[in-house]
2 protein chains.
Amino acid sequence: MSKRNLHSIQEVAAETGLTSRTLRHYDAIGLLPATELNHAQVRYYDDQALLRLQTILVMRELGLPLDEIAQMLQSPQSEIDVLETHLNRLRTKVDQLSQMISSSETTISNLKKGKSIKMSEMFEGFDHTKYQDEVEQRWGKKAYADSDKWWRSMSAEERESWKQRQNQLIADWREAAEAGIKPDSPEASALAARQEAWLGSIPGAPGFGSGKVPAAYLLGLAEMYVADPRFGANYGGLVGATFVKDAITFYVSNRK
Amino acid sequence: MSKRNLHSIQEVAAETGLTSRTLRHYDAIGLLPATELNHAQVRYYDDQALLRLQTILVMRELGLPLDEIAQMLQSPQSEIDVLETHLNRLRTKVDQLSQMISSSETTISNLKKGKSIKMSEMFEGFDHTKYQDEVEQRWGKKAYADSDKWWRSMSAEERESWKQRQNQLIADWREAAEAGIKPDSPEASALAARQEAWLGSIPGAPGFGSGKVPAAYLLGLAEMYVADPRFGANYGGLVGATFVKDAITFYVSNRK
DNA sequence: TCTTGACATTGACGTTACGTCAAGTTGTAG
DNA sequence: CTACAACTTGACGTAACGTCAATGTCAAGA
């Protein structure tokens, strides 16, 4: 009775808009095994399989990778956890793309004004090697000086876009702090990860472009948020800044 | 004199934060050939190569694929074109991610309320096969009816997010129309592509999830924008709606 | 019965930008 | 002479399939 109403692979494909190749792929990786094969190895799917496929497609629309979809189908109680983790990934990606967009816009407008793309002048006076010699403890001040220089070198529009994104992050930090989220909670670590991604996108900063910001640099900045009222104010006063520092500290010591 | 100041692969790696593997990769694909090899096939880079690498990294930060970076370095006059095309891709991606985010949020809140992820009720009464029987000309009205139904089934937050993204698209359409952009220009086609992506993300609509919206459906909606003042108003009156229709028509007839 | 489609199957390579071994070579310090 | 560091060239793995290619099955027409 569960085998009633069998569908061929092309029927399923037509109903869902997928290709037969995709269905064979899902079969191959075990995500959606065919209900049965006839003597010629031809696949057939029953209604239960179609229901499963329905769910798979809904999850796929959310951008979830197939292996995580498979995992969720195995243990439905992990649904919310997986989705919330996924949500953080998505937000981080949007942050990164937004940064690429504003940088691209600035680059285009510079090119139209005749400026070359080789903006070595932006980096001039900046020597990466000096960071290698720096004592980790001093990163805080140095990082601040360099990021300030970088900031002043940007166009007005780009600055605006950067502000918006940083403001969103700040708002999320404050909200988390006020909601009583613990610094060692997954939510706080997710924010720390976004902060890292944001920092890593600053040209000239250590870890630029690699996605991995050196731990000492992250910690140095976190300390600075607490020590410097100019920053502390943004993050919701001393209490908020301390929360940020603790969250980043926890995140850094537990990553990888 | 151009060979002065040669750097080993590890030196370059340390200066840029890249790995030696990456530099070898760039050599292998011809993006950044080593300046010279010694008798033991060991790579050395001169200052000119470092400058080229500098440019490569700046472009990579913008999210440009390596082959397009190589292309731009070959023909610098194409810089602006390539970047503007790239910008459209980035924007489309952000649109897609934003949609995934709001859908994920809705799904999570539904799960927390105890609703299952198998939201077949959302699709109930909706039969994909009926679209296959539809005459293409009738898609306009049917699509409208179904998208209206879908719209009413959403949560308030998700509706809000959708509105924002659609509003952004509409604003861009109006701006393009007012700037005197031609419906058969690349800019207009880029907007049409975004419109397609946006439409394709509506569950229940033809082409949902595949990224490819059937041509007749796109055209049917475009006609509707002109015919129905409720839509025309959004797109800047009859003139704006006609521009949208023309741009979509051109886009559809020239894609693939 | 033989042939010809129509539709299915299982490989297997291509895509993107490298990470990660593995195995071999070269130069140098002890 | 040897151990070791640093380099080299393969070659596989990654995500989610698209796109052939070679082969197999089944039914209808000559």
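For the structure, check the block above.
The model shown is predicted, which means the values in this text are computed figures rather than measured ones. In this convention, every chain numbers its residues from 1, walking through the sequence in written order. All chains are assigned letters beginning at A, and all ligands numbers beginning at 1, according to the order in which they are written. Owing to the predicted nature of the model, reporting of local features is limited to residues with pLDDT of at least 70; listing and counting of side-chain atom pairs is limited to 80 or more, with chain, interface and lining totals taken over all residues. In computing side-chain properties, one takes all heavy atoms of the structure into account and sets aside hydrogens as well as water.

Asker: Teacher, can you tell me more about the overall build of chain A here?
Answerer: Going along the chain from the N terminus, every DSSP run of H or I of four or more residues is numbered as a helix, and every run of E of two or more is numbered as a strand. In terms of helices and strands, chain A carries 13 helices and 3 strands. Expressed as a percentage of the 256 residues in chain A, the buried residues total 44%. By definition in these notes, contact holds between two residues if any of their heavy atoms fall within 4.5 Å. In chain A, the proportion of contacts linking residues at least 24 apart, taken out of those at least 6 apart, comes to 55%. Of the accessible surface of chain A, which amounts to about 13,500 Å², a share of 52% is contributed by carbon and sulfur atoms. Summary of the burial criterion: residues with accessible area below 20% of their type's maximum are buried, those above 50% are exposed, and those between are partly exposed, where the area comes from a 1.4 Å probe applied to protein chains only. Areas reported here follow the Shrake-Rupley algorithm with a probe of radius 1.4 Å; residue values treat only the protein chains shown as occluding.

Asker: Sorry, what's going on with the packing of helix α4 (residues 66-74) of chain A against helix α5 (residues 79-112) of chain A here?
Answerer: In helix packing, the relevant descriptors are the interaxial angle and the interaxial distance, both defined with respect to the helix axes. Residue and element names in this part refer to chain A. Every axis in this analysis is a line fitted to C-alpha atoms, fitted for helices over the stretch in contact. Angles between the N-to-C directions lie between 0 and 180 degrees. Packing of α4 against α5 brings their axes to within 9 Å, and their N-to-C directions diverge by 160 degrees. Put simply, α4 runs roughly antiparallel to α5. Facing Glu-68, Gln-71 and Met-72 of α4, the residues of α5 in contact are Glu-79, Val-82 and Arg-89. The nonpolar class holds Ala, Val, Leu, Ile, Met, Phe, Trp, Tyr, Cys and Pro. Asp, Glu, Lys and Arg form the charged class, and all remaining residues, Gly among them, are polar. Here the contact of α4 with α5 is built from residues that sort into 2 nonpolar, 1 polar and 3 charged. Roughly parallel here means an angle under 35 degrees, roughly antiparallel means over 145, roughly perpendicular means 65 to 115, and every remaining angle is called oblique.

Asker: Help me understand the protein's contact with DNA strand D, please; the structure alone is not making it clear to me.
Answerer: Near DNA strand D, the surroundings consist of 17 residues, among which Tyr-26 and His-39 of chain A together with Gln-10, Arg-24 and Arg-43 of chain B are the closest. A distance of 3.4 Å is found between a phosphate oxygen of DNA strand D and a side-chain nitrogen or oxygen belonging to Thr-22 of chain A. Under this definition, polar contacts are N or O atom pairs within 3.5 Å; protein pairs additionally need one hydrogen-donor-capable and one acceptor-capable atom, and for neighbouring residues in sequence, both atoms have to be side-chain atoms. Backbone polar atom of Leu-66 of chain A to a phosphate oxygen of DNA strand D: 2.8 Å apart, as the coordinates give it. For the surface near DNA strand D, the secondary-structure elements that each account for two or more residues are α2 (20-28) of chain A together with α1 (9-16) and α2 (20-28) of chain B. Ranked by residue count, the leading element in the surface near DNA strand D is α2 of chain A, at 4 residues. Near, as used in this document, describes a residue that has one of its heavy atoms within 4 Å of the molecule or strand being considered.

Asker: Just checking my understanding: could you explain the sheet that holds strand β1 (residues 7-8) of chain B for this structure?
Answerer: Sheet strands line up and pair through hydrogen bonds in the backbone, either parallel or antiparallel. Residue and element names in this part refer to chain B. Across the sheet, which stays open at both edges, the 3 strands sit in the order β1-β3-β2 with antiparallel pairing between neighbours. The open sheet has two edge strands, β1 and β2 (36-37), and neither has a second partner. In terms of strand pairing, β2 meets strand β3 (residues 43-45) through 2 bridges, oriented antiparallel. Counterpart to Leu-37 in the pairing with β3 is Arg-43. For two strands to be treated as a pair, DSSP must find no fewer than two bridges joining them.

Asker: For this particular structure, what's the right way to read the sheet that holds strand β2 (residues 36-37) of chain A?
Answerer: All names here are of chain A. Taken in spatial order, the 3 strands make up an open sheet running β1-β3-β2, and their pairing is antiparallel. Single-partner strands in this sheet number two, and they are β1 (7-8) and β2. Pairing analysis gives 2 bridges linking β1 to strand β3 (residues 43-45), with the strands arranged antiparallel. Bridge assignment links Ser-8 to a residue of β3, and that residue is Tyr-44.

Asker: Is there a simple way to think about the protein's contact with DNA strand C in this case?
Answerer: Taken together, the neighbourhood of DNA strand C is formed by 17 residues, with Gln-10, Arg-24 and Arg-43 of chain A together with Tyr-26 and His-39 of chain B sitting nearest. The protein-proximal atoms of DNA strand C, defined as those within 4 Å of the protein, are 72% sugar or phosphate. Contact distances for DNA strand C include 2.5 Å between a phosphate oxygen and a side-chain N or O atom of Gln-10 of chain A. Here a phosphate oxygen of DNA strand C sits 3.0 Å away from a polar atom, N or O, in the main chain of Leu-66 of chain B.

Asker: Looking at this structure, how should I read the nonpolar core?
Answerer: One recurring pattern in soluble globular proteins is that nonpolar side chains are buried together. To define a nonpolar core, start from buried Ala, Val, Leu, Ile, Met, Phe, Trp, Tyr and Cys residues and group those joined through side-chain atoms within 4.5 Å. If you look at the biggest cluster of nonpolar residues, it comprises 59 residues, and the most contacted ones within it are Leu-23 and Leu-53 of chain A together with Leu-23 and Leu-53 of chain B. Top element by residues in this core is helix α5 (residues 79-112) of chain B. It accounts for 10 residues. What Leu-53 of chain B contacts, discounting residues up to four positions off in sequence, is Val-12, Thr-16, Leu-18, Leu-23, Tyr-26 and Leu-32 of chain B.

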